[in-house]
Amino acid sequence: MGRSNISDSSGTEARSVTNVLNVSDRFLTSDEVFLLSKGIKFCPMPLNLDSIQFQRDLDAFKRRLRLFEYFHSSDENGDHTSLEIPHFRNKSVWKPPEGRDRFWIVFWKRFKMTEVDKFKSPKYIHDNLTKGERQALFSLSSDDNIIIKPEDKGPAFVVQNKASYVKSALSDLNNEKFYGKTMRICHQMSPIKSRVLSKNA
């Protein structure tokens, strides 16, 4: 356990990777360590375009922009009262009504014409991972026995046994000094009741 060291073919240490902390029972290969050492902000290049997911992402992006325009305009006109954000709330799928702002309509049509409608999946994609790192990505993401998460204070990745991670989380939740049990699921309560419970827990 501890920080990962990478050795060359002769067995001598060639490089010490300081931003990968392995406290799990899994042995990390050099490709897996190098993959994780790329950091939290690294984004693997997708090798193919999922047109259905692309359309979903585009719709979600459009909704976020419309929500921003709707509530920003309401705040400026004094039509929208800013409320305290509740502790628990269900995910909303509400969309603002179409045709409110002609500038928004012009912007979205131009954006679709210039950026979306002309987009084509490239014939060749330069992979930013080696073949071994690509295999390591699949291997790590399909391992249900480990948890990979950012270090609490620092840029490192921590690889931990899932069982010990869950045990630690349950131990924290069972600490009655900070948490209290309720008879109902909190997200089904009203925001006022949820705030009262969280303050009195």
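Residues numbered from 1 in each chain as written. Predicted model: local features only at pLDDT ≥ 70, side-chain atom pairs only at ≥ 80, totals over all residues. Heavy atoms only, no water.

Of regular secondary structure, the protein chain possesses 6 helices and 4 strands. When the helices and strands of the protein chain are read in sequence order from the N terminus, they spell out β-β-α-α-α-α-β-β-α-α. Put simply, the protein chain has 201 residues, and 22% of those count as buried. As presented, the protein chain carries roughly 15,800 Å² of accessible surface, and 55% of it is formed by carbon and sulfur atoms. (Helix = DSSP H or I, 4+ residues; strand = E, 2+ residues; numbered from the N terminus. Buried < 20%, exposed > 50% of the residue type's maximum accessible area, 1.4 Å probe, protein only. Areas by Shrake-Rupley, 256 points an atom, 1.4 Å probe, with all protein chains shown as cover.)

A word on the pairing of strand β3 (residues 146–150). Across 5 bridges, the pairing between β3 and strand β4 (residues 157–161) is antiparallel. Bridged to Ile-146 within β4 is Asn-161. Where β3 hands over to β4, the hairpin turn is made up of 6 residues, of which Gly-154 adopts a positive phi near 145°. (Pairing = 2+ DSSP bridges.)

Now for the pairing of β4. Taken across its 5 residues, β4 has 5 buried, putting it largely inside the fold. Neither face of β4 is exposed, since Phe-157, Val-159 and Asn-161 on one face and Val-158 and Gln-160 on the opposite face are all buried.

This paragraph deals with the nonpolar core. Counting residues in each nonpolar core, the largest one holds 11 residues, listed as Val-20, Leu-28, Val-33, Leu-35, Leu-36, Leu-129, Ala-136, Leu-140, Ile-146, Phe-157 and Val-159. Considering each element in turn, this core owes the most residues, 3 residues, to helix α1 (residues 30–36). Leave out the neighbours within four places in its chain, and Phe-157 touches Asn-19, Val-20, Leu-21, Leu-36, Gly-39, Ile-40, Ile-148, Lys-149 and Pro-150. (Core = buried A, V, L, I, M, F, W, Y, C linked by side-chain atoms within 4.5 Å. Contact = heavy atoms within 4.5 Å.)

The next subject is empty space enclosed by the protein. One pass over the structure, following the stated rule, counts 1 cavity of 30 Å³ or more. For the largest cavity, the calculated volume is near 40 Å³. In terms of lining residues, the largest cavity is bounded by Arg-66, Glu-69, Pro-96, Pro-97, Glu-98, Gly-99, Arg-100, Asp-101 and Trp-104. Counted by class, the lining of the largest cavity contains 3 nonpolar, 1 polar and 5 charged residues. (1 Å grid on protein atoms, 1.4 Å probe; cavity = no way out; pocket = protein on both sides within 12 Å on 5 of 7 lines; lining within 4 Å. Points joined across faces, edges and corners; volume = space filled by probe spheres on them. Nonpolar A, V, L, I, M, F, W, Y, C, P; charged D, E, K, R; others polar.)

Quick look at the packing of aromatic side chains now. In this structure the tally under the stated criterion is 5 aromatic pairs. Taken together, a centroid distance of 5.2 Å and an interplanar angle of 35° make the contact between Trp-108 and Phe-111 tilted. Within this pair, Trp-108 and its partner Phe-111 are both found in helix α3 (residues 102–116), separated by 3 residues, close to a single helical turn. A relative accessible area of 10% means that Trp-108 is categorised as buried. Residue classification places Phe-111 among the partly exposed residues on the basis of a relative accessible area of 22%. Through pairs of rings, three or more aromatic residues link up here, namely Phe-61, Phe-107, Trp-108 and Phe-111. (Phe/Tyr/Trp six-rings, centres within 6.5 Å; stacked < 30°, edge-to-face > 60°.)

The subject of this paragraph is helix α4 (residues 131–141). By the burial criterion, the buried members of α4 are Gly-132, Glu-133, Ala-136 and Leu-140. Down the axis of α4, the buried set is contained in an arc of 90°. They therefore lie on one face. Opposite its buried face, α4 presents the exposed residues Lys-131, Gln-135, Phe-138 and Ser-141, each directed more than 90 degrees away. (Arc of directions from axis to C-beta.)

So, on to the pattern of salt bridges. Scanning the model with the defined rule gives 4 salt bridges in all. For Lys-38, the salt bridge goes to Glu-133, with nearest N and O atoms at 3.8 Å. Taken together, the positions of Lys-38 in the loop between α1 and α2 (51–77) and Glu-133 in helix α4 put the pair 95 residues apart, joining distant regions of the chain. (Salt bridge = Lys/Arg side-chain N within 4 Å of Asp/Glu carboxyl O.)

In the predicted model, the protein chain carries a mean pLDDT of 76, and 71% of its residues have values of at least 70. Taken element by element, the protein chain is modelled with least confidence in helix α6 (residues 191–200), mean pLDDT 48, and with most confidence in α4, mean pLDDT 94. Confidence drops under pLDDT 50 across residues 5–15; counting only partners more than four residues distant or on other chains, this segment forms 16 contacts. The low-confidence segment residues 190–197 (pLDDT under 50) makes 10 contacts with residues lying over four places distant or belonging to another chain. (pLDDT = per-residue confidence, 0-100.)

Tracing the chain through its elements places Ser-164 in helix α5 (residues 162–173). Ser-164 sits 18 residues away from Ile-146 along the chain, and the two C-alpha atoms are 9.3 Å apart. One polar contact links the side chain of Ser-164 to the main-chain carbonyl oxygen of Asn-161, over a distance of 2.9 Å. (Polar contact = N/O pair within 3.5 Å; in protein donor to acceptor, adjacent residues only side chain to side chain.)

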